[in-house]
Amino acid sequence: MVVAVYGTLSDLLSVASSKLGIKATSVYNGKGGLIDDIALIRDDDVLFVCEGEPFIDPQTDSKLPEGLSGSHTDWLTLNVGGRYFTTTRSTLVNKEPDSMLAHMFKDKGVWGNKQDHRGAFLIDRSPEYFEPILNYLRHGQLIVNDGINLLGVLEEARFFGIDSLIEHLEVAIKNSQPPEDHSPISRKEFVRFLLATPTKSELRCQGLNFSGADLSRLDLRYINFKMANLSRCNLAHANLCCANLERADLSGSVLDCANLQGVKMLCSNAEGASLKLCNFEDPSGLKANLEGANLKGVDMEGSQMTGINLRVATLKNAKLKNCNLRGATLAGTDLENCDLSGCDLQEANLRGSNVKGAIFEEMLTPLHMSQSVR
């Protein structure tokens, strides 16, 4: 209601009583200050009239305690992101005296807090996350309504420096999270995942657990299995062309007859795996890279490995019988007790490799001393 202010304060109360249908006895300004002289009213002031009860900001749901009269010095109103909260200065200060809120309201005017036209202190934060913090300062209990993200409340608690609440929230968040599922991915789950993924999309399976899964005869080209757990998997006849198996665990797995053209297996662990009759040879010249791989005790009999990179790999006690290793890089490779009988090692680089106890009988290409083996 807009009225022209003229005459005396009694005239204003009389007009307000008539317009509002009440018996107006008091007039307050927007900050809750009692008007006792009409000369105190300025142009465009928002005024509140009442029938004698203490001033209550209509923008808040909170009510002042019964019996409060005279001084309102401990009570204040906050405008947090457009929502009003009425509380006491002691609530904001006493429980967490070292917090930002405590420093803001411990001494009047020290922080130069901005106020809106109603006298509420402006705080540019989320009201829904601020409410649990204010209630915690009131009674010391963490109570969060349904639908409120605890992470949002935690961020606000950190912003305001409410240290004791931060601890409560971190525990609550940890307890609210479901336990991590480390169970292996089954063939059925993985096939469903493959079918739901567009053919042109990059499949990222980094660090996933496939332990013991049957992935045989699947098209797994170009998939990123970096650091994945593929131990004891059945990958027989699978197409792993250009797949990334860097640092993957393939120990005890079966990869017989798998297509491994251009595969990346740097520093992978394939100890005890079976890779019989695998094809590592890419007609386009893209070479498989198994540098630094752990291939202890693997069975790679009859595999095509032309140009393969096995630099500094460990092939101790491995079976490489009748493998095609033409042009392979075996520099620094541990071939101790390795069965290389019937292998084609033409143009292979064996410089610095360890061939102690290795079997070379019936080699297709004689091993020359110039290849500097030890």
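The structure this text deals with has already been given above.
For the structure given in this document, a descriptive report is provided here. Quick caveat: nothing in here was measured; it's all calculated off a predicted structure.

Considering all chains together, one arrives at seven salt bridges under this definition. One salt bridge connects Glu156 with Arg125, and the closest N-O pair in it is separated by 2.8 Å. You can see Glu156 sitting in helix 5 (residues 150-160) and its partner Arg125 sitting in the loop between strand 6 (121-123) and helix 4 (127-139), a full 31 residues away along the chain. On the basis of relative accessibility, which here comes to 5%, the residue Glu156 falls in the buried class. Notably, a salt bridge pairs Arg311 with Glu291, separated by 3.0 Å at the nearest N-O pair. Note that Arg311 is positioned in the segment after helix 7 (187-195) and Glu291 in the segment after helix 7, a separation of 20 residues in sequence. On the basis of relative accessibility, which here comes to 38%, the residue Arg311 falls in the partly exposed class. With relative accessibility at 23%, the residue Glu291 sits in the partly exposed group.

Attention now moves to the side chain of Ser99. Turning to its location among the elements, Ser99 is positioned in the loop between helix 2 (89-94) and helix 3 (100-105). Polar side-chain contacts of Ser99 include one of 2.9 Å to the backbone oxygen of Glu96. Not counting residues up to four positions away in its chain, the partners in contact with Ser99 are Leu92, Phe160, Gly161 and Ile162.

What follows is about the sheet that holds strand 5 (residues 83-88). The three strands lie next to each other as 5-4-6, forming an open sheet whose pairing is mixed. Here the strands that pair on one side only, and so sit at the sheet edges, are strand 5 and strand 6. Going from strand to strand, the sheet's axes swing by 30 degrees on average, the running direction of each strand aside.

What follows covers the packing of aromatic side chains. Inspection of the entire model under this criterion finds eight aromatic pairs. When the ring of Phe130 is compared with that of Phe160, the centres are 5.7 Å apart and the planes differ by 65 degrees; the resulting orientation is edge-to-face. On the criterion of sequence distance, the pair formed by Phe130 in helix 4 and Phe160 in helix 5 is long-range, its members being 30 residues apart. Assessed through its relative accessible area of 0%, Phe130 is described here as buried. An aromatic cluster is built from Phe85, Phe130, Phe159 and Phe160, whose rings are joined through pairwise contacts. It is Lys95 that lies over the ring of Tyr136; its NZ or CZ is 5.1 Å from the centre. Positioned above the aromatic ring of Phe159 is the side chain of Arg125, whose terminal nitrogen or guanidinium carbon lies 3.6 Å from the ring centre.

Even without a glycine there, the phi angle at Tyr222 is positive, about 65 degrees. Its location among the elements puts Tyr222 in the segment after helix 7. A positive phi angle, near 65 degrees, is found at His237, a position not held by glycine. Mapping His237 onto the fold places it in the segment after helix 7.

Parameters at a glance
- Residues numbered from 1 in each chain as written.
- Predicted model: local features only at pLDDT ≥ 70, side-chain atom pairs only at ≥ 80, totals over all residues.
- Heavy atoms only, no water.
- Salt bridge = Lys/Arg side-chain N within 4 Å of Asp/Glu carboxyl O.
- Helix = DSSP H or I, 4+ residues; strand = E, 2+ residues; numbered from the N terminus.
- Buried < 20%, exposed > 50% of the residue type's maximum accessible area, 1.4 Å probe, protein only.
- Polar contact = N/O pair within 3.5 Å; in protein donor to acceptor, adjacent residues only side chain to side chain.
- Contact = heavy atoms within 4.5 Å.
- Pairing = 2+ DSSP bridges.
- Axes fitted to C-alpha atoms, helices over the stretch in contact; angles between N-to-C directions.
- Phe/Tyr/Trp six-rings, centres within 6.5 Å; stacked < 30°, edge-to-face > 60°.
- Lys NZ or Arg CZ within 6 Å of the ring centre and 35° of its normal.

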